[in-house]
Amino acid sequence: EPEVTQTPSHQVTQMGQEVILRCVPISNHLYFYWYRQILGQKVEFLVSFYNNEISEKSEIFDDQFSVERPDGSNFTLKIRSTKLEDSAMYFCASTEGGTGGATDTQYFGPGTRLTVL
Amino acid sequence: AQSVTQLGSHVSVSEGALVLLRCNYSSSVPPYLFWYVQYPNQGLQLLLKYTSAATLVKGINGFEAEFKKSETSFHLTKPSAHMSDAAEYFCAVSDLGGGFKTIFGAGTRLFVKA
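Residues numbered from 1 in each chain as written. Chains lettered and ligands numbered in written order. Predicted model: local features only at pLDDT ≥ 70, side-chain atom pairs only at ≥ 80, totals over all residues. Heavy atoms only, no water.

### Quick look at the overall build of chain B
Right, on to step 1. Scanning chain B from terminus to terminus reveals zero helices and 11 strands.
Right, on to step 2. Taking 114 residues into account, the globule formula puts the C-alpha radius of gyration at 13 Å, and chain B, at 13 Å, falls close to it.
Right, on to step 3. Along the three orthogonal principal directions, the C-alpha set of chain B runs to about 45 × 30 × 20 Å.
Right, on to step 4. Looking at chain B residue by residue over its 114 residues, the buried ones come to 45%.
Right, on to step 5. Taking the intrachain contacts of chain B between residues at least 6 apart in sequence as the baseline, contacts between residues at least 24 apart amount to 56%.
Right, on to step 6. A total accessible area of about 5200 Å² is found for chain B, and carbon and sulfur atoms account for 53% of it. (Helix = DSSP H or I, 4+ residues; strand = E, 2+ residues; numbered from the N terminus. Rg over C-alpha atoms; globule rule 2.2 N^0.38 Å. Buried < 20%, exposed > 50% of the residue type's maximum accessible area, 1.4 Å probe, protein only. Contact = heavy atoms within 4.5 Å. Areas by Shrake-Rupley, 256 points an atom, 1.4 Å probe, with all protein chains shown as cover.)

Encoded structure:
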């Protein structure tokens, strides 16, 4: 069964450093998402991406965050200057729907655990 | 705006007992609702989803949920708990305002006692 993959599984970085989290969505999917889960808290939406541009972003997704689909397969989340509070599990997700339908199942990747020291 | 509230951050049941995890939603339009499960150190797996068809939705691993509009609820149940059901469960709603992102509840951790 097709699945969303994410690399690395765990990333440790120093405060102020840039990190890039990578995701490979399911190949025929058109909508892509990043979510964040701080330890012990709920999963929070960061950003959605369609047709090579951001569809929607949350207030968490400030100027230090950016997303990119550099080629036909990868979908990346860049954090420009990491802060301690960026430590979390980051999940990528993708949806098939041609219209980004609300009923479409979002397939989630296994996550990248980011630890900022 | 859509939202979900999960009642109880922790639920503990004995193996073989009924599992009931509660979720209430808030939505000004007919919602699309989901239950996800997260096993330790793993990602999110879809258990089931409600998309305005049948109000009783059956999912994987013997779970089901019933959409009750009058109660604005979408509780998750399983008749007989198994040790392998121990996990975190998230109720979620699809945001119909644009982008169709998923809005998650705070989660309920299910413990299953032998």
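### Structural notes on the nonpolar core
Right, on to step 1. Ranked by size, the top nonpolar core spans 27 residues in total, and within it W35, L48, F74, L76 and Y89 of chain B carry the most contacts.
Right, on to step 2. Not counting chain neighbours up to four residues away, the residues in contact with L48 of chain B comprise L33, F34, W35, V57, K58, G59, F63, E64, A65, F74 and L76 of chain B.
Right, on to step 3. Counting residues in each nonpolar core, the second largest holds 22 residues, with F32, V47, A88 and C92 of chain A among its members. (Core = buried A, V, L, I, M, F, W, Y, C linked by side-chain atoms within 4.5 Å.)

### Re the sheet that holds strand β7 (residues 65–68) of chain A
All names here are of chain A.
Right, on to step 1. The four strands are arranged β1-β3-β8-β7 in an open sheet whose pairing can be described as antiparallel. Pairing within the sheet leaves two strands with one partner each, and these edge strands are β1 (5–7) and β7. Looking at each pair of strands side by side, their axes are set apart by 20° on average, direction ignored. (Pairing = 2+ DSSP bridges. Axes fitted to C-alpha atoms, helices over the stretch in contact; angles between N-to-C directions.)

### Considering the sheet that holds strand β1 (residues 3–7) of chain B
Residues and elements named next belong to chain B.
Right, on to step 1. Strands sit in the order β1-β3-β8-β7-β6 across an open sheet of five strands; the sheet is antiparallel. In this open sheet, the two edge strands, each paired with only one partner strand, are β1 and β6 (56–58). For this sheet, the mean angle separating the axes of adjacent strands, direction not counted, is 20°.
Right, on to step 2. Sheet topology note: the strand β7 (residues 64–68)/strand β8 (residues 73–78) ladder contains five bridges and is antiparallel. If you follow E64 over to β8, its bridge partner there is T77.

### Details of the packing of aromatic side chains
Right, on to step 1. Summed over the entire model, instances satisfying the criterion amount to 18 aromatic pairs over all chains.
Right, on to step 2. Arranged with centres 4.2 Å apart and planes meeting at 10°, the rings of Y31 of chain A and Y50 of chain A form a pair that is stacked. In this pair, Y31 of chain A is assigned in strand β4 (residues 31–37) and Y50 of chain A in strand β5 (residues 43–50), connecting sequence segments 19 residues apart.
Right, on to step 3. Classification of Y31 of chain A by relative accessible area gives buried; the value is 9%.
Right, on to step 4. Centroid distance F108 of chain A to Y36 of chain B: 5.3 Å. Interplanar angle 85°. Geometry classified as edge-to-face. Here Y36 of chain B lies in strand β4 (residues 33–38) and F108 of chain A lies in strand β10 (residues 107–108), a pairing that spans two chains. Taken as a pair, F108 of chain A and Y36 of chain B share a single burial class, namely buried.
Right, on to step 5. In this structure an aromatic cluster arises from ring pairing among Y33, Y35, F45 and F108 of chain A together with F34, Y36, F90 and F104 of chain B.
Right, on to step 6. A cation over a ring is seen here: K101 of chain B above F45 of chain A, with NZ or CZ 5.1 Å from the ring centre. (Phe/Tyr/Trp six-rings, centres within 6.5 Å; stacked < 30°, edge-to-face > 60°. Lys NZ or Arg CZ within 6 Å of the ring centre and 35° of its normal.)

From the geometry alone we can't say anything about function, so treat these as descriptive.
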